[in-house]
Amino acid sequence: MNQLFQQIQETLINLIAQGVALIPAILIALVVLGITWYAANVVRRLTMAAGRRVVKNKSLRTLMVQTAYVAAWSVGIIVACVLAFPGLALGDIIGLLGLSSVAIGFAFQDIFKNFLAGILLLLQEPFRLGDQIIVEGYEGTVEEIAIRSTQIRTYQGERVVIPNASVFTNAVQVRTAFSYRRTDLEIGVDYNTPLPKAVDTLLDAVSQVPGVLSKPEPEIDVLGFGESSIDMIVRYWTEPDRPSVRRTQTKVAIALKAACDRANINIPYPIRTLYYYDQEKFADNSPSSGNGDRI
């Protein structure tokens with residue numbers, strides 16, 4: 001029993017001695033972490049200043065700053081671990097990080113997938129902050145392109161957060177990619193209306209509406225002969241943002257109706273022609289039809 005207590009006592013003394021021996025290394029490691037904190041902040045500021053000069057994309061600048069900040073902390077932590085535990089070689093730390101990265105990769109594969117998709121979106125720039133897009137049935141203004149997701153604000157004032165992997169792998173319709181956008185507005189005129197007169201009237205009306213661009217010029221096309229009207233379509237161009245398109249469309253509709261009224265061009269209602277017949281006279285089962293029951 002005394003021998004067992006003696007072994008325990010020797011073990012505790014060795015542990016305390018090793019702990020005391022590690023105190024200077026641990027203090028040095030803490031100093032290194034303090035220097036790392038200061039250096040990481042300096043790196044972040046320098047990266048932010050350099051990004052403002054080189055990179056125009058705000059989200060991409062944020063990515064650069066965050067990456068540089070994390071990289072600085074990673075280097076500082078590795079150096080502190082090597083100093084605090086002299087028996088731990090740098091190769092052992094790298095091997096441990098490699099095994100950990102594999103395990104973390106399997107556990108957080110969706111997060112990493114969105115992270116990589118976010119980087120590709122920031123580098124390729126298919127759309128930018130402030131663009132109005134349609135993706136996966138959601139339409140709105142891009143507010144933020146983050147590392148994990150893209151946030152858009154719908155026209156109803158709602159925020160939609162879409163994972164970057166979905167944005168990157170699905171079709172995205174960018175409505176404000178160019179400086180102007182076309183709107184097609186259908187209208188029908190009466191069959192008694194001379195088509196050249198209708199085309200000139202509609203073209204003159206849409207050209208005078210505020211918000212309709214003169215270049216490219218508006219166009220009037222005849223679609224075909226409908227059931228109750230000759231179907232025409234008015235094509236005009238406006239600024240690409242949603243408010244301009246919506247407000248101008250209302251003005252164009254009002255102007256077209258007023259122009260048709262002044263020119264006595266009728267916009268007809270749907271017409272249906274119904275035919276009535278004598279059911280007794282044309283009944284298939286009447287005795288006179290010869291299709292009666294046979295005995």
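One structure accompanies this document, and this report is about it. Predicted model only: the values in this text are computed from it and were never measured.

Right, let's get into the pattern of salt bridges. Under the counting rule described, the total for this entry stands at seven salt bridges. Ionic pairing is found between R175 and E139, a salt bridge with its closest N-O pair at 3.1 Å. Linking R175 in the loop between strand 5 (172-174) and strand 6 (181-189) with E139 in strand 2 (residues 138-145), this pair joins segments that are 36 residues apart in sequence. Take R175: its relative accessible area is 23%, and that puts it in the partly exposed class. Between D221 and R235 there is a salt bridge; the shortest N-O distance is 2.8 Å. With D221 in strand 7 (residues 219-225) and R235 in strand 8 (residues 230-238), this residue pair connects regions lying 14 residues apart in the sequence. In the salt-bridge network here, residues are joined through shared partners; they are R182, D184, D221 and R235.

Turning our attention to the sheet that holds strand 8. Judged by pairing direction, the sheet is antiparallel, and its three strands sit side by side in the order 6-8-7 without closing on themselves. Lying at the two open borders of the sheet, with one neighbouring strand each, are strand 6 and strand 7. Adjacent strand axes in the sheet meet at a mean angle of 25°, parallel and antiparallel pairs treated alike. In the sheet, strand 7 pairs with strand 8 via six bridges, with the strands oriented antiparallel. Bridge pairing links G224 to D231 in strand 8. In this fold helix 6 (residues 195-207) packs onto strand 6, strand 7 and strand 8, with an angle of close to 25° to the strand it touches most, strand 8. Strand contacts of helix 7 (residues 242-262): strand 6 and strand 8, with the helix running at about 30° to strand 6, the strand carrying the most contacts.

So, about a nonpolar patch on the surface. On the surface, a nonpolar cluster with roughly 360 Å² of combined accessible area is contributed by I23, I26, L27 and L30. Within the secondary structure, L27 is located in helix 1 (residues 2-54).

A separate point is the environment of L123. In this fold, L123 is placed in helix 4 (residues 109-124). With 63 residues separating them in the primary sequence, L123 and L60 have C-alpha atoms 7.3 Å apart.

Right, let's talk about the pairing of strand 3 (residues 149-154) for a bit. Looking down a regular strand, the side chains alternate between one sheet face and the other. Within strand 3, five of the six residues are buried, which leaves the element mostly enclosed by the surrounding structure. Both strand 2 and strand 3 contribute to a ladder of five bridges, which runs antiparallel. Bridge pairing links T141 to R153 in strand 3. The hairpin turn running from strand 2 into strand 3, its antiparallel successor, is three residues long. From the end of strand 3 to the start of strand 4 (residues 159-163), which pair antiparallel, there are four residues, and G157 there has a positive phi angle of about 85°.

Our focus in this paragraph is the nonpolar core. One finds I187, L202, M232, V234, Y236, V252 and L256 to be the most contacted residues of the largest nonpolar core, which totals 21 residues. Mapped onto this core, the elements with two or more residues apiece are strand 6, helix 6, strand 8 and helix 7. Top contributing element to this core by residue count: helix 7, with five residues. Sequence-distant contacts of L256, defined by excluding residues within four places in its chain, comprise L185, I187, L202, A205, V206 and V234. With 15 residues, the next largest nonpolar core counts V55, F127, V142 and V160 among its residues.

Looking now at the side chain of T47. On the secondary structure map, T47 appears in helix 1. Among the polar contacts listed, one links the side chain of T47 to the backbone oxygen of V43, at a separation of 2.7 Å. With sequence-adjacent residues up to four places away left out, T47 is seen in contact with M64, V65 and A68.

So, how was this worked out
Residues numbered from 1 in each chain as written. Predicted model: local features only at pLDDT ≥ 70, side-chain atom pairs only at ≥ 80, totals over all residues. Heavy atoms only, no water. Salt bridge = Lys/Arg side-chain N within 4 Å of Asp/Glu carboxyl O. Helix = DSSP H or I, 4+ residues; strand = E, 2+ residues; numbered from the N terminus. Buried < 20%, exposed > 50% of the residue type's maximum accessible area, 1.4 Å probe, protein only. Pairing = 2+ DSSP bridges. Axes fitted to C-alpha atoms, helices over the stretch in contact; angles between N-to-C directions. Contact = heavy atoms within 4.5 Å. Patch = residues over 30% accessible without salt bridge, like charges linked within 9 Å, V, L, I, M, F, W, Y side chains within 5 Å. Areas by Shrake-Rupley, 256 points an atom, 1.4 Å probe, with all protein chains shown as cover. Core = buried A, V, L, I, M, F, W, Y, C linked by side-chain atoms within 4.5 Å. Polar contact = N/O pair within 3.5 Å; in protein donor to acceptor, adjacent residues only side chain to side chain.

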